[in-house]
Amino acid sequence: MIKNFVMLTFDLEEFDIAEEYGQKVSHSDQMTVTKTGTERLIALLDNHNIRATFFTTGNYAQLNPELIKAISLKHEIASHALYHSSFHKFKETDILESKNILENITGSKVTGFRMPRLKSFDHKVLSGWGFVYDSSINPTYLPGRYNLLHKSPLPYRENGLLELPCSTTPTLRFPLFWLAFKNLPIGLYAALCRRTLRKRKNLMLYFHPWEFAEIGDFKMPGYVKSPDGIELVDKLDKLIQNLKKQDAEFVTCQEFCETLEIAGESMKSV
Ligand SMILES: [Zn+2]
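Looking at an unreviewed UniProt entry, the chain carries the name DUF3473 domain-containing protein, with the source organism given as Dyadobacter frigoris.

Next up, the structure:
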């Protein structure tokens with residue numbers, strides 16, 4: 001029987017999103033907001049005894065090495081490039097630099113990558129640098145951001161890599177990303193996840209640790225910052241409980257890739 005694999009993924013980065021809305025965020029706020037949310041998530045994952053993947057920027061890791069090392073003892077650390085802020089101009093070599101930083105801190109191989117803000121970039125560089133998978137594609141249409149309806153919503157192989165797209169619902173391709181989790185009632189969001197899991201046998205969900213800290217005072221639109229903090233931790237708790245009833249097996253992205261390798265060609269039907 002094919003299992004129902006669920007990948008919970010968190011983009012562990014500087015809390016810089018308020019800057020997109022014109023508010024300067026101090027360096028210490030960028031660090032502590034993310035740390036607060038991360039610690040709550042780790043406690044929640046521990047309660048459920050499940051593992052997750054943290055896509056981490058090299059910059060955040062360098063400034064918080066003990067935290068990253070501690071997370072890596074139980075969860076997967078993957079790369080989220082070097083800097084999140086759009087004030088740093090992205091260079092392809094940032095990807096390799098972040099991988100080296102993360103491997104030095106954790107003492108483990110980093111095999112996965114996700115581009116900040118899921119921006120487009122040349123995926124061909126990744127396999128040469130030892131990456132096994134990428135998860136930078138949200139195969140849906142987001143007005144004003146991107147239209148990736150031509151991309152496969154199922155995991156696929158390209159450029160010597162496994163591409164693990166962020167989950168969208170079957171047929172309509174409604175994105176099951178962090179804004180949907182935050183803004184839909186939990187009953188509806190969980191139902192969409194269950195339907196997708198039944199059909200596709202895997203779910204790739206992504207969130208950010210800073211969402212799970214108190215961010216209500218920052219000047220951002222309500223749909224980006226609310227609910228936040230403990231309320232959102234409780235919502236994620238409910239989602240995990242709900243998916244467990246669906247016989248979900250929570251795995252890291254790396255573990256999921258291994259199951260695809262074992263399945264070989266049958267991966268096309270995943
Ligand atoms: Zn990010």
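Thoughts on the UniProt feature "domain: DUF3473" (unreviewed entry) in the chain
Within the UniProt annotation, "domain: DUF3473" (unreviewed entry) is assigned to residues 135-255. In this annotation, residues 135-255 is assigned 37% helix and 16% strand; the end-to-end C-alpha distance for the span is 14 Å.

Observations regarding the coordination of the zinc ion
Taken together, Glu13 (OE), His80 (NE2) and His84 (NE2) make up the protein donors of the zinc ion, found 2.0 to 2.1 Å from the metal. In terms of primary sequence, the donors binding the zinc ion are separated according to E-x66-H-x3-H. You can see Glu13 sitting in the loop between strand S1 (4-12) and helix H1 (17-20) and its partner His84 sitting in the loop between strand S3 (76-79) and helix H5 (93-106), a full 71 residues away along the chain. As far as the burial class goes, Glu13 and His84 line up, both buried.

Observations regarding the side chain of Ser167
Relative to the assigned elements, Ser167 resides in the loop between strand S9 (161-163) and helix H7 (178-183). Taking relative accessible area as the criterion, Ser167 reaches 5% and is therefore assigned buried. Excluding its chain neighbours within four sequence positions, the residues that come into contact with Ser167 are Phe174, Pro175, Leu176, Asn202, Leu203 and Met204.

Remarks on the nonpolar core
If you look at the biggest cluster of nonpolar residues, it comprises 75 residues, and the most contacted ones within it are Leu8, Phe15, Tyr189, Phe207, Leu236 and Leu239. In contact with Leu236, other than residues within four places in its own chain, are Phe10, Leu41, Leu44, Phe181, Phe207 and Phe212.

Structural notes on the pairing of S3
Residues Glu76 and Ala78 of S3 are buried on one face, and the alternating residues Ile77 and Ser79, pointing to the opposite face, are buried as well. Pairing of strand S2 (residues 53-56) with S3, which is carried by 4 bridges, proceeds in the parallel orientation. Residue pairing for S3: Thr53 is matched across the bridge by Glu76.

Some points on H5
Taking 1.5 Å of rise per residue, 14 residues should cover 20 Å, and H5 covers 20 Å from first to last C-alpha, within 8% of that figure. All buried positions along H5 are accounted for by Asp94, Ile95, Ser98, Lys99, Ile101, Leu102, Glu103, Ile105 and Thr106. Looking at the buried residues of H5, the elements they touch are S2, helix H3 (58-63), helix H4 (65-72), S3, strand S4 (112-113) and helix H6 (125-128). Looking one or two residues past H5, Gly107 carries a phi angle of roughly 70°, positive in sign.

Points about the pattern of salt bridges
Taken as a whole and judged by the stated rule, the model has 12 salt bridges. The salt bridge partner of Arg114 is Asp11, with a shortest N-O separation of 2.7 Å. Here Asp11 lies in strand S1 and Arg114 lies in the loop between S4 and H6, a separation of 103 residues in the sequence. Accessibility classification places Arg114 together with Asp11 in one group, the buried group. Residue Lys74 is joined to Asp46 by a salt bridge in which the shortest nitrogen-to-oxygen separation is 3.0 Å. Linking Lys74 in the loop between H4 and S3 with Asp46 in helix H2 (residues 27-48), this pair joins segments that are 28 residues apart in sequence. Its relative accessible area of 38% is what places Asp46 among the partly exposed residues. Members of the salt-bridge network, linked through shared partners, are Asp16, Glu20 and Arg117.

The rules we used
- Residues numbered from 1 in each chain as written.
- Predicted model: local features only at pLDDT ≥ 70, side-chain atom pairs only at ≥ 80, totals over all residues.
- Heavy atoms only, no water.
- UniProt positions renumbered as here; feature names shortened; annotations may be inferred.
- Helix = DSSP H or I, 4+ residues; strand = E, 2+ residues; numbered from the N terminus.
- Donors = N, O, S within 2.8 Å, 3.2 Å for Na, K, Ca; no water.
- Buried < 20%, exposed > 50% of the residue type's maximum accessible area, 1.4 Å probe, protein only.
- Contact = heavy atoms within 4.5 Å.
- Core = buried A, V, L, I, M, F, W, Y, C linked by side-chain atoms within 4.5 Å.
- Pairing = 2+ DSSP bridges.
- Expected span 1.5 Å × (residues − 1).
- Salt bridge = Lys/Arg side-chain N within 4 Å of Asp/Glu carboxyl O.

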